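Take a look at the letters that make up each chain.
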Amino acid sequence: MELREIVTEALGTLTINKLRTGLAVLGIIIGIGSVIALISLGQSSQKSIENQIQSLGSNILTVSPAGQNTGAVRGAGGGGTTLTPEDASALKSATTLTTIARISPEYARRSQVTAGRNNTNTQIIGVESQYADIRKLTVATGAFITDRDVSVLSKVAVLGPQAASDLFGDGTELLGQSIRINGQILTVIGVTSSKGGSGFNNPDDAIYVPLSTAQKILFGVNNLTSIAVEAKDSGVMTETQNEIGYFLLARHKISDPANADFTIFSQNDILNTVSQVTGTFTTLLGGIAAISLLVGGIGIMNIMLVTVTERTREIGLRKALGAKKRLIITQFLTEAILLTIIGGIVGMALGIIISYILTRVMNMPFTISPFSVILALGVSGGIGILFGWYPAKKAADLLPIEALRYE
Amino acid sequence: MISLSHITKIYKTETIETKALDDVSFEIKKGEFVAIMGPSGSGKSTLMHILGALDLPTSGTYTLDNETVSALSEDELADMRNRKIGFIFQAFNLLPRTTAIKNVMIPMMYAGVPKEERVIRAKKYLEMVGLKDRMYHTSNQISGGQQQRVAIARGLAMNPAILLADEPTGNIATTQAEEIMNIFEELNNKGHTIVMITHEPDIAHHAKRIIILRDGKIISDVKNGKRKKLWN
């Protein structure tokens, strides 16, 4: 018997009981569909987060103070006071650092802010004028902090759109309004455009003030929480990282890099960490979906076993008429594989459609990896063989006399 | 042509041993029409299974068309059934919701007969049993007698050494049963060897030779020259 004939026969048998065939296939459709959709969604959100991080600048390095070493315990990063404005100016003026384009020293701290009867708790960031360029921040109305503001300790503030609406509601004229931080009154001179971030470092939910004002007037400190360094281009990031590292080690008189009182990380480092997290998440989602695929496979096996019992007489007859064992196995296996392959193709289409719609709704880039498609089809075929084998073997092992006698 | 010598079949369960056939020997020559009779439990079904290469004897030798059946593997038995035996069952055993012509083509499909030839042969045999205008009807669209005629055509499809009929009229109305028996006689006149298992004397009297079994043994093996009823 040719393969084409076997497939035609199997298709014929499957169309006899359409409802049952449909239900058996449904399990696989849902299984494959959810695997494809969830993996695609995971990858889409990964891509979306990566794009967001990338938009913050791929040639930016951030130097932050390291946590204090207390015996064997290392404190959380960012808590130390080892980074100073002098470090920043030394970096600026150093002639040995050839790969640096611009530098932005920053002092950030969360604080309560009030404006009239409204108040909010937000990130106050002391910055210099280059901050906006390096951090890719644009001003929607008014102006950003200038060098002059920094040198004369102006009591001015630029609001992020989120902070602005928290303090003043929507639709108020913001320029010239006053806000109060730590008992000091500052005048609003600008509002930044929305960058659409989220989480702890949301550039929209922040208030920018001159660095000197933040340090001397608002908080009374002399250290920095970070120095943003813009490399000349993203190809020299590693060199830049090394140059800054050795420069600061020398300045801080530390001989062993393991004891460094600062850390330097690039957007790529963050990107890698985030990718790792979302990758794990995607795998987890795919794994959960794979369980439903397994359940679908068991459904196929169940249906095939029922079919074998139901068709016992037919199997007996086929054997009496000369069908060999292998042919019976092939026949039933073909039916099972057809079920799962059809389910796989429909499920794949469904998964892609669902993922496409959801990514559109959630405003994420739509991605579908050819790998997951090939995997889905391979797995569905494999499930057909795996779960079809036992019923097929059972059918082939029936004795023709017993099978013919079966009522 | 067909030769059974000292065939014994014992069925064993955990507690009891049943001797379904006890040292049965006979020969059937080419062109014979034999009816095997006997009350239920006489071993005629067991004999039919062995003759049909559906089961192997516990001891003894069965030769069909110069091939020894007794010592074959499962697949070799399947091949033997396919090439040498045309089955006609009491319950017709056609594939459900399948056309007559497709049913007739099944044994040829297993034998690897090319598709064009299958169609030609299937049409020829369906015509022979008088179903020329029912070829594309499915098995549930035709009467019991017609279904059994499809089964006869299927039995003839591989031009087998014997036609083995197991109670061929058991599920058919009396008038149609006569037609089936007429087809058998016609086929026999054309030279086909037919072995028929039945418990109905009316049916058995169509055969040329009648073997009667009781308790797994042959108690009578007579020529039915005049083809008359044996007893009433």
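What you see is a predicted model; the values in this text were computed from it and never measured.

Enquirer: Is there a simple way to think about the overall build of chain B in this case?
Expert: Regarding its fold elements, chain B presents seven helices and ten strands. Expected size for 232 residues packed as a compact globule is a radius of gyration near 17 Å; at 17 Å, chain B falls within 12% of this value. Considering only C-alpha atoms, chain B reaches an extent of 50 × 45 × 35 Å along its principal axes. The buried share of chain B, reckoned over its 232 residues, is 47%. Taking all contacts inside chain B whose residues are at least 6 apart in sequence as the whole, residues at least 24 apart take part in 69%.

Enquirer: Hey, could you run me through the overall build of chain A in this one?
Expert: Counting secondary structure elements, chain A contains 13 helices and twelve strands. At 33 Å, chain A has a C-alpha radius of gyration far larger than the 22 Å of a compact globule built from 407 residues. Overall, chain A is about 105 × 55 × 40 Å in size when its C-alpha atoms are taken along their principal axes. Taking all 407 residues of chain A together, 40% fall into the buried category.

Enquirer: When you look at the interface of chain B and chain A in this model, what are you seeing that I'm missing?
Expert: Interface extent is often summarised as the accessible area lost during association of the parts. Each partner contributes residues to the interface: chain B has 18 residues there, and chain A has 16 residues. Contributing elements (two or more residues each) for the side of chain B that touches chain A: helix 2 (74–84) and helix 3 (100–111) of chain B. If one sorts the elements of the side of chain B that touches chain A by residue count, helix 2 of chain B sits on top with six residues. Split by residue class, the side of chain B that touches chain A holds nine nonpolar, three polar and six charged.

Enquirer: Which parts of the structure should I look at to understand the nonpolar core?
Expert: A general trend in soluble globular proteins is that nonpolar side chains are found buried together. Counting 116 residues, the largest nonpolar core has Ile300 of chain A together with Val104 of chain B as its most contacted members. Of all the elements, helix 2 (residues 18–55) of chain A adds the most residues to this core, at twelve residues. In contact with valine 104 of chain B, not counting residues within four places along its chain, are Ala122, Tyr125, Leu126, Val150, Ala153, Arg154 and Ala157 of chain B. One finds Ile103, Val113, Leu218 and Ile227 of chain A within the second-largest nonpolar core, a separate group that totals 50 residues.

Enquirer: Teacher, can you tell me more about the packing of helix 2 of chain A against helix 11 (residues 325–361) of chain A here?
Expert: Relative placement of two packed helices is described by the angle separating their axes and the distance separating the axes. All names here are of chain A. Viewed as axis vectors pointing N to C, helix 2 and helix 11 meet at an angle of 40°, and their least axial separation amounts to 6 Å. Between helix 2 and helix 11, the interaxial angle falls into the category oblique. As helix 2 packs across helix 11, the resulting crossing turns out to be right-handed. Residues that form the contact of helix 2 with helix 11 fall into these classes: 18 nonpolar, 13 polar and no charged.

Enquirer: I tried to follow the sheet that holds strand 9 (residues 209–214) of chain B on my own but got confused; where do I start?
Expert: Working definition: the strands of a sheet are paired by backbone hydrogen bonds and lie parallel or antiparallel to each other. Residue and element names in this part refer to chain B. Spatial ordering of the open sheet is given by 6-7-8-3-9-10, a layout of six strands whose pairing is mixed. The outermost strands of the open sheet, each flanked by one partner alone, are strand 6 (85–88) and strand 10 (217–223). Adjacent strand axes in the sheet meet at a mean angle of 15° when their direction is disregarded.

Enquirer: Would you mind showing me how to read the environment of arginine 326 of chain A here?
Expert: Here arginine 326 of chain A shows up in helix 11. Remark: the alpha-carbon pair of arginine 326 of chain A and isoleucine 291 of chain A, spanning 35 residues in sequence, is separated by 31 Å.

Enquirer: When you look at the environment of glutamine 112 of chain A in this model, what are you seeing that I'm missing?
Expert: Residue and element names in this part refer to chain A. With respect to the helices and strands, glutamine 112 occurs in strand 4 (residues 100–115). Separated by 13 residues in the primary sequence, glutamine 112 and threonine 99 have C-alpha atoms spaced 39 Å apart. The residues contacting glutamine 112, other than those within four sequence positions of it, are Asn119 and Asn121.

Enquirer: Which parts of the structure should I look at to understand unusual backbone geometry?
Expert: Where the residue is not glycine, phi is negative for most of them; where a peptide bond is considered, it is trans in most cases. All names here are of chain A. Backbone geometry at asparagine 182 places phi at a positive 50°, although glycine is not the residue there. Structurally, asparagine 182 can be placed in the loop between strand 8 (178–181) and strand 9 (184–192). By C-beta crowding, asparagine 182 is classed as partly exposed, having 14 other C-beta atoms within 10 Å.

Enquirer: Hey, could you run me through helix 12 (residues 370–397) of chain A in this one?
Expert: In an α-helix, one full turn covers 3.6 residues, which means residues spaced three or four apart are oriented alike. Residues and elements named next belong to chain A. Between its terminal C-alpha atoms helix 12 stretches 40 Å, which fits the 40 Å expected from 28 residues at 1.5 Å a residue. Residues of helix 12 that are buried include every one of Ser372, Ala376, Val379, Ser380, Ile383, Gly384, Phe387, Gly388, Pro391, Ala392, Ala395 and Ala396, and no others. The inward-facing, buried residues of helix 12 abut helix 2, helix 9 (267–310), helix 10 (312–320) and helix 11.

Enquirer: Even after reading the chapter, I still don't get the sheet that holds strand 4 (residues 59–64) of chain B, so can you show me in this structure?
Expert: Residue and element names in this part refer to chain B. Ordered by their spatial adjacency, four strands build an open sheet running 2-1-4-5, and the pairing between neighbours is antiparallel. What marks the edges here is a single partner per strand, and that holds for strand 2 (17–28) and strand 5 (67–68). Where strand 1 (residues 2–12) and strand 4 come together, five bridges link them in antiparallel fashion. When the bridges of strand 4 are listed, serine 3 appears paired with threonine 63. The sheet contacts of helix 1 (residues 44–51) involve strand 1, strand 2 and strand 4, and relative to strand 2 the element is tilted by about 60°.

Enquirer: How should I be thinking about the pairing of strand 3 (residues 33–37) of chain B in this particular structure?
Expert: Each regular strand displays side chains that alternate between the two surfaces of the sheet. Residues and elements named next belong to chain B. Taking burial as the measure, the five residues of strand 3 include five buried ones, the bulk of the element. Burial along strand 3 is two-sided: the face carrying Phe33, Ala35 and Met37 and the face carrying Val34 and Ile36 are both buried. Strand direction decides the pairing type here: strand 3 and strand 8 (residues 193–197), joined by four bridges, are parallel. Residue pairing in the sheet places phenylalanine 33 in a bridge with isoleucine 194 of strand 8.

Enquirer: Whenever I open this one, the confidence of the model for chain A confuses me. Can you help?
Expert: The predicted coordinates ought not to be read in detail in places where the model reports low pLDDT. In this model, chain A carries an average pLDDT of 86, and 95% of its residues clear a pLDDT of 70 or more. Confidence drops under a pLDDT of 50 for residues 69–78 of chain A, and excluding neighbours within four residues, the segment shows 13 contacts in the predicted structure.

Enquirer: Looking at this model, I keep getting lost on the packing of helix 1 (residues 3–16) of chain A against helix 11 of chain A. Mind explaining?
Expert: Residues and elements named next belong to chain A. One way to put it is that helix 1 packs onto helix 11 with a least axis distance of 9 Å and a crossing angle of 65°. Regarding the angle of helix 1 to helix 11, the classification is roughly perpendicular. The interaxial crossing formed by helix 1 with helix 11 has right-handed handedness. Listed contacts from helix 11 to Ile6, Val7, Glu9, Ala10, Leu11, Thr13 and Leu14 of helix 1 are Thr330, Gln331, Thr334, Glu335, Leu338 and Leu339.

Enquirer: Would you mind showing me how to read the confidence of the model for chain B here?
Expert: All names here are of chain B. With 97% of its residues at a pLDDT of at least 70, chain B reaches an overall mean of 90. Summarising per-element confidence for chain B, the mean pLDDT is lowest in helix 7 (residues 201–204) (89) and highest in strand 8 (95). This stretch, residues 228–232, has a pLDDT under 50; its non-local contacts, to residues over four places away or in other chains, come to nine contacts. Across the predicted assembly, pTM comes out at 0.70 and ipTM at 0.91.

Conventions we followed
Residues numbered from 1 in each chain as written. Chains lettered and ligands numbered in written order. Predicted model: local features only at pLDDT ≥ 70, side-chain atom pairs only at ≥ 80, totals over all residues. Helix = DSSP H or I, 4+ residues; strand = E, 2+ residues; numbered from the N terminus. Rg over C-alpha atoms; globule rule 2.2 N^0.38 Å. Buried ≥ 20, exposed ≤ 12 C-beta atoms within 10 Å, placed from the backbone. Contact = placed C-beta atoms within 7 Å. Nonpolar A, V, L, I, M, F, W, Y, C, P; charged D, E, K, R; others polar. Core = buried A, V, L, I, M, F, W, Y, C linked by C-beta atoms within 7 Å. Axes fitted to C-alpha atoms, helices over the stretch in contact; angles between N-to-C directions. Parallel < 35°, antiparallel > 145°, perpendicular 65-115°, else oblique. Left-handed = near helix turned anticlockwise from the far one by under 90°. Pairing = 2+ DSSP bridges. Expected span 1.5 Å × (residues − 1). pLDDT = per-residue confidence, 0-100.

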